[in-house]
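Coordinate inspection notes
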Amino acid sequence: MADLPTRYLGKLEVSAQGLGGLGISEFYGPTDDAESLATIRRALDLGVTLLDTADVYGHGHSERLIGQAIAGRRGEVAVATKFGVRRADNGIGQEVRGDREYVREAIDASLTRLGVDHVDLYYLARLDPKVPIEDTVGALAELVEAGKVRYLGLSEVGAGTLRRAHAVHPITALQSEWSVWTRGIEEDVAPTARELGIGIVANAPLGRGFLTGRYRSRDVFGPDDFRFLAQPRLTAENLPHNLALVDRLAAIATERGVTAGQLALAWLAHRGPDVVPIPGTRRQDHLLENLAAVSITLTDEELAAIEAAIPPEEVRGTKLTDFSLQFVDL
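Residues numbered from 1 in each chain as written. Predicted model: local features only at pLDDT ≥ 70, side-chain atom pairs only at ≥ 80, totals over all residues. Heavy atoms only, no water.

**Observations concerning the overall build of the protein**
Looking only at helices and strands, the protein features 12 helices and 12 strands. The buried share among the 330 residues of the protein stands at 58%. Once local pairs closer than 6 in sequence are excluded, the contacts in the protein between residues at least 24 apart make up 76%. (Helix = DSSP H or I, 4+ residues; strand = E, 2+ residues; numbered from the N terminus. Buried < 20%, exposed > 50% of the residue type's maximum accessible area, 1.4 Å probe, protein only. Contact = heavy atoms within 4.5 Å.)

Spelled out as structure tokens, the structure:
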């Protein structure tokens, strides 16, 4: 598996599947640094070359863990991190900043935590409604000129914003939530990205683990778990209905001899050669399961069956809370 196929995000070549760093430091229940480090290093051993994180994950702890994991192996990996969301406490974020002063402050702090002199891909995590995107991208372009960043990305932005940003400086990657049950970017955003030659990094490709079929009750989530606190699709009202949709996916997976999660990842990979899913995990067994999806080939009939199993209009609940959605430019 060390010879994972690669894909291109703009001009940046990365493994066909990356590793997300959201859950290695907080959000999805208790964490163990040793376990997280071992999983990241195993991912590198298996050929994963894209590690994705953000400065707010664990209030910087995710970046520090990734920095530890890649020490002595910097040349093997493309490091991607995000900035912009501000957290005053353990909430999911209270504001977004995309001003020039904060751009400079954020990159220097991330580089220090990661222990590197540059990041390969630097994203604005959310659009700052107070700052024109042209100003933010202009400030980010200065980081490229300074050698602190190789390529620029945007996260959860709409087609119009993507065009405006790309006109200031080439955007290499768009990161948005995309999965078989979150398909909002397909009508306008993904086609615009492709027109502009921008790769697509799909976060939460397993529906924050729900599409694996492992979570049958809210009782498995602790009171501080992000899925318990801020996932409308997993509320007591919506969970039973959405479980029935996942069970349809699991039935197709059983027929194929794979897991539901692998089927969901394979479906996403088939959306185009410019799509790179970044499932996150801190467990090596889940890492191996996810990476095995890279080799799954689906027929047109199987793809249609998967989409019929989870029609977007049948999914109950929005992908984020109303508070979080105010910062999503879609």
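Read on, since the account is not over.
**With respect to the packing of aromatic side chains**
The final tally for this structure, using the stated rule, is 3 aromatic pairs. Centroid distance Phe-83 to Tyr-102: 6.4 Å. Interplanar angle 40°. Geometry classified as tilted. Of this pair, Phe-83 sits in strand S5 (residues 78-83) while Tyr-102 sits in helix H3 (residues 100-114), placing them 19 residues apart in sequence. As far as the burial class goes, Phe-83 and Tyr-102 line up, both buried. Each ring, one from Phe-83 and one from Tyr-122, has its centre 4.9 Å from the other, and the planes form 20°; the classification is stacked. Placement of the pair is Phe-83 in strand S5 and Tyr-122 in strand S8 (residues 119-124), with a sequence separation of 39 residues. You can call Phe-83 buried: its relative accessible area is 0%. One aromatic cluster is present, formed by Phe-83, Tyr-102 and Tyr-122 through successive ring pairs. In this structure, Arg-233 packs its charged tip against the face of Trp-181, placed 4.9 Å from the ring centre. (Phe/Tyr/Trp six-rings, centres within 6.5 Å; stacked < 30°, edge-to-face > 60°. Lys NZ or Arg CZ within 6 Å of the ring centre and 35° of its normal.)

**Thoughts on the nonpolar core**
Among the nonpolar cores identified, the biggest contains 81 residues, and Leu-51, Val-119, Tyr-122 and Ile-310 are the most heavily contacted of them. When residues no more than four places from it in sequence are discounted, the contact partners of Val-119 are Arg-74, Val-79, Thr-81, Ile-107, Leu-111, Leu-114, Lys-148, Val-149 and Arg-150. Ranked by size, the runner-up nonpolar core spans 13 residues in total, among them Val-14, Ala-78, Val-201 and Ile-278. (Core = buried A, V, L, I, M, F, W, Y, C linked by side-chain atoms within 4.5 Å.)

**A closer look at the pairing of strand S11 (residues 199-203)**
Among the 5 residues of S11, 5 are classified as buried, and the element is accordingly described as predominantly covered. Taken together, the 5 bridges between strand S10 (residues 171-177) and S11 define a ladder with parallel strand orientation. Each bridged residue has a counterpart across the sheet, and for Ala-173 the counterpart in S11 is Gly-199. Assessed by its sense of winding, the connection that carries the chain from S10 through helix H6 (residues 189-196) to S11 is right-handed. Relative to strand S12 (residues 275-277), S11 runs parallel, the two being bridged by 3 bridges. In the sheet register, Ile-200 faces S12, and the bridge partner there is Val-275. (Pairing = 2+ DSSP bridges. Right-handed = clockwise from strand over helix to strand, strands pointing away.)

**Thoughts on the pattern of salt bridges**
One pass over the structure, following the stated rule, counts 23 salt bridges. A salt bridge links Arg-104 to Glu-142; its shortest N-O distance comes to 3.1 Å. One end of the pair, Arg-104, is in helix H3; the other, Glu-142, is in helix H4 (residues 133-145), with 38 residues separating them in the sequence. Given a relative accessible area of 43%, Arg-104 falls into the partly exposed group. Overall, the relative accessible area of 30% leaves Glu-142 in the partly exposed class. Glu-302 is the partner of Arg-256 in a salt bridge, and the nearest nitrogen-oxygen pair spans 3.1 Å. With Arg-256 in helix H8 (residues 239-256) and Glu-302 in helix H11 (residues 300-309), the pair connects residues that are 46 residues apart, well separated along the chain. The class for Glu-302 is partly exposed, based on a relative accessible area of 23%. (Salt bridge = Lys/Arg side-chain N within 4 Å of Asp/Glu carboxyl O.)

**Topic: the packing of H4 against helix H5 (residues 159-168)**
Look at H4 against H5: their axes get within 9 Å of each other, and the N-to-C directions meet at 40°. By the angle class used here, H4 and H5 are oblique. Two packed elements cross with a definite hand, and for H4 against H5 that hand is right-handed. Across from Ile-133, Glu-134, Val-137 and Gly-138 in H4, the residues of H5 making contact are Thr-161, Arg-164, Ala-165 and Val-168. In the contact of H4 with H5, the residues fall into 4 nonpolar, 2 polar and 2 charged. (Axes fitted to C-alpha atoms, helices over the stretch in contact; angles between N-to-C directions. Parallel < 35°, antiparallel > 145°, perpendicular 65-115°, else oblique. Left-handed = near helix turned anticlockwise from the far one by under 90°. Nonpolar A, V, L, I, M, F, W, Y, C, P; charged D, E, K, R; others polar.)

**A word on the sheet that holds S8**
On the basis of which strands lie adjacent, the open sheet formed by 8 strands has the order S3-S4-S5-S8-S9-S10-S11-S12 and parallel pairing. Each edge of the open sheet carries a strand with a single partner, namely strand S3 (19-20) and S12. Along the sheet, H6 contacts S10, S11 and S12; its crossing angle with S11, the most-contacted strand, is approximately 145°.

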